[in-house]
Amino acid sequence: MFSSLVAELIVTDDPALIERLRTNELDTRRIAAEQAAITREVERRGLFRDDGHRSVKAFLRANLNWSNNQAASTIKVAALLDTVTGAGNALLNGHIGTAQANELARLRANPRVGDQLTNTTTTNTTNTVNTLLDAAEQLKYEDFRIVGLRWETLADTNGAEQRAANNIEHRDATVIDAGGELFMR
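Residues numbered from 1 in each chain as written. Predicted model: local features only at pLDDT ≥ 70, side-chain atom pairs only at ≥ 80, totals over all residues. Heavy atoms only, no water.

Undergrad: Quick question: what am I supposed to make of the overall build of the chain here?
TA: Looking only at helices and strands, one finds ten helices and two strands in the chain. Reading the chain from its N terminus to its C terminus gives the helix and strand order α-α-α-α-α-α-α-α-α-α-β-β. Taken over the C-alpha atoms alone, the chain extends approximately 75 × 50 × 35 Å along its principal axes. For the chain, buried positions account for 28% of its 185 residues. Sequence-distant contacts in the chain: of pairs separated by 6 or more residues, those separated by 24 or more amount to 54%. Split by element, the accessible area of the chain, about 12500 Å² in all, is 52% carbon and sulfur. Taking the average location of the 21 positive side-chain charges in the chain and that of its 25 negative ones, the two points are 4 Å from each other. (Helix = DSSP H or I, 4+ residues; strand = E, 2+ residues; numbered from the N terminus. Buried < 20%, exposed > 50% of the residue type's maximum accessible area, 1.4 Å probe, protein only. Contact = heavy atoms within 4.5 Å. Areas by Shrake-Rupley, 256 points an atom, 1.4 Å probe, with all protein chains shown as cover. Lys, Arg positive; Asp, Glu negative; His and termini not counted. Charge placed at Lys NZ, Arg CZ, Asp CG, Glu CD.)

Structure, rendered in structure tokens:
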């Protein structure tokens, strides 16, 4: 029970407690990599359909009682590990944390720049991926996030124009007659 665990930790000496914390973190990273790999294989095999679900996200929510955010995050990390060389080993071996993997997965999922990180043989892509993985491993998370955001801005050369065009293309308006009064949005 939890109280037994707490009692055990109370009598654990400081170095052993810190070592246990670090070991648990490495286990968490390994398990996150494994969960992502399993999720990708469930998606690849279409097992979610066999279970009556329309998507992997719905499958994860139903089978693991995950939130939308947790399922979406795992799916993004699964895509990252499957398509970005070195990312899977970095997480599995504990070189990067789950927060760093999630940030890399966010970059990979960006529809305007994510393809610049995918498995290709170009030197530019390899250099970019290696630089981002090194930054994820060596920098504090907050500093790594700044590096990722900066790369995203530089890689998205038409970003502002595309965002503006996208906003215009997908905008809508509503006009409703509400009891003789006009409501516009």
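Undergrad: Would you mind showing me how to read the layout of surface pockets here?
TA: Any space left empty among the atoms is revealed by the rolling of a water-sized probe across them. What the largest pocket holds in volume is close to 200 Å³. In this structure, the largest pocket is lined by Ala32, Gln35, Ala36, Trp66, Gln70, Ser73, Thr74, Val77, Leu91, Thr98, Ala101 and Asn102. Of all the secondary structure elements, the ones that give two or more residues to the lining of the largest pocket are α2 (14–45), α5 (68–83) and α7 (98–109). Examining the composition of the lining of the largest pocket, we find that four residues originate from one element, α5, more than from any other. A class-by-class count of the residues in the lining of the largest pocket yields six nonpolar, six polar and no charged. (1 Å grid on protein atoms, 1.4 Å probe; cavity = no way out; pocket = protein on both sides within 12 Å on 5 of 7 lines; lining within 4 Å. Points joined across faces, edges and corners; volume = space filled by probe spheres on them. Nonpolar A, V, L, I, M, F, W, Y, C, P; charged D, E, K, R; others polar.)

Undergrad: It is not clear to me how the nonpolar core should be interpreted in this structure. Could you clarify?
TA: Generally speaking, soluble globular proteins have nonpolar side chains that are buried together. The biggest cluster of nonpolar side chains holds 25 residues, and the ones touching the most others in it are Leu80, Leu81, Leu91, Ile96, Leu104, Leu117 and Trp151. Looking at this core, the elements with two or more residues in it are α2, α5, α6 (87–92), α7, α8 (123–138) and α9 (141–155). Of the residues forming this core, the biggest block, five residues, is contributed by α8. By size, the runner-up hydrophobic cluster in this structure holds seven residues, among which are Phe48, Phe59, Leu60 and Trp66. (Core = buried A, V, L, I, M, F, W, Y, C linked by side-chain atoms within 4.5 Å.)

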